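Examining the three-dimensional arrangement
Listed here are the chains, written in short residue letters.
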Amino acid sequence: MKCRRVRKWLVVDGGDLPAAVESHLEKCAECRRFRQESWRVARLVRLKRYERPDPVRAAALRARIVAGAMSPEKSPEGRAAEPAAAFL
């Protein structure tokens, strides 16, 4: 089995690997390193918690974006641009 195919198996690994993949891993140090690195990355991703932004800072950023969009120098015609509905 080729390294490329083994690595595809490792990326979608649900636990049990086919015997051909296990056999390849016994012989190929590079694929073993890939598996270890994949496990390490997956563990780090699981550890990272999503943090909600501070509402005060988010509102201040939103206000700066809208103010920048409304300023005349930002508009190609020299007039204030319409604010994007997503920022209101």
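Quick notes on the rules
- Residues numbered from 1 in each chain as written.
- Predicted model: local features only at pLDDT ≥ 70, side-chain atom pairs only at ≥ 80, totals over all residues.
- Heavy atoms only, no water.
- Helix = DSSP H or I, 4+ residues; strand = E, 2+ residues; numbered from the N terminus.
- Buried < 20%, exposed > 50% of the residue type's maximum accessible area, 1.4 Å probe, protein only.
- Contact = heavy atoms within 4.5 Å.
- Salt bridge = Lys/Arg side-chain N within 4 Å of Asp/Glu carboxyl O.
- Axes fitted to C-alpha atoms, helices over the stretch in contact; angles between N-to-C directions.
- Parallel < 35°, antiparallel > 145°, perpendicular 65-115°, else oblique.
- Disulfide = S-S within 2.5 Å.
- Core = buried A, V, L, I, M, F, W, Y, C linked by side-chain atoms within 4.5 Å.

1. Describing the overall build of the chain
Broken down by element type, the chain carries four helices and zero strands. Reading the helices (α) and strands (β) of the chain from amino to carboxyl end gives α-α-α-α. Taking all 88 residues of the chain together, 14% fall into the buried category. Long-range pairs, those at least 24 residues apart, make up 19% of the contacts in the chain between residues at least 6 apart in sequence.

2. Structural notes on the pattern of salt bridges
Summed over all chains, the structure comprises two salt bridges. Between glutamate 30 and arginine 7 there is a salt bridge whose closest N-O contact spans 3.2 Å. Taken together, the positions of glutamate 30 in helix H3 (residues 29-47) and arginine 7 in helix H1 (residues 3-11) put the pair 23 residues apart, joining distant regions of the chain. A salt bridge links glutamate 37 to arginine 40; the nearest nitrogen and oxygen atoms lie 2.7 Å apart. Taken together, the residues span about one helical turn, with glutamate 37 and arginine 40 both in helix H3 at a distance of three residues. A residue is classified by how much of its surface remains accessible, and glutamate 37, at 38% relative accessible area, is partly exposed.

3. Here's the deal with the packing of helix H2 (residues 19-27) against H3
One can describe the packing of H2 onto H3 by two numbers: an axis separation of 6 Å at closest approach and a directional angle of 110°. Relative to H3, the element H2 is oriented roughly perpendicular. Where H2 abuts H3, its residues Glu22, His24, Leu25, Glu26 and Lys27 lie against Ala29, Cys31, Arg32 and Arg35.

4. So, the state of the cysteines
This structure, assessed with the given rule, holds zero disulfides. Take cysteine 3: it sits in no disulfide, and the sulfur closest to it among the cysteines is that of cysteine 31, at 3.6 Å. On the basis of relative accessibility, which here comes to 29%, the residue cysteine 3 falls in the partly exposed class. Residue cysteine 28 stays outside any disulfide, its sulfur separated by 3.6 Å from that of cysteine 31, the closest cysteine. Among the residues examined, cysteine 28 registers a relative accessible area of 13% and is labelled buried.

5. Some points on the nonpolar core
Within the largest apolar cluster, seven residues are counted, these being Val6, Leu10, Leu17, Val21, Leu25, Cys28 and Cys31. Here leucine 25 is in contact with Val6, Leu10, Leu17, Cys31, Arg32 and Arg35, once residues within four sequence places are set aside.

6. Remarks on the environment of arginine 5
Mapping arginine 5 onto the fold places it in helix H1. When its relative accessible area of 52% is taken as the criterion, arginine 5 is described as exposed. Sequence spacing of arginine 5 and valine 21 is 16 residues, and the spatial spacing of their C-alpha atoms is 8.7 Å.

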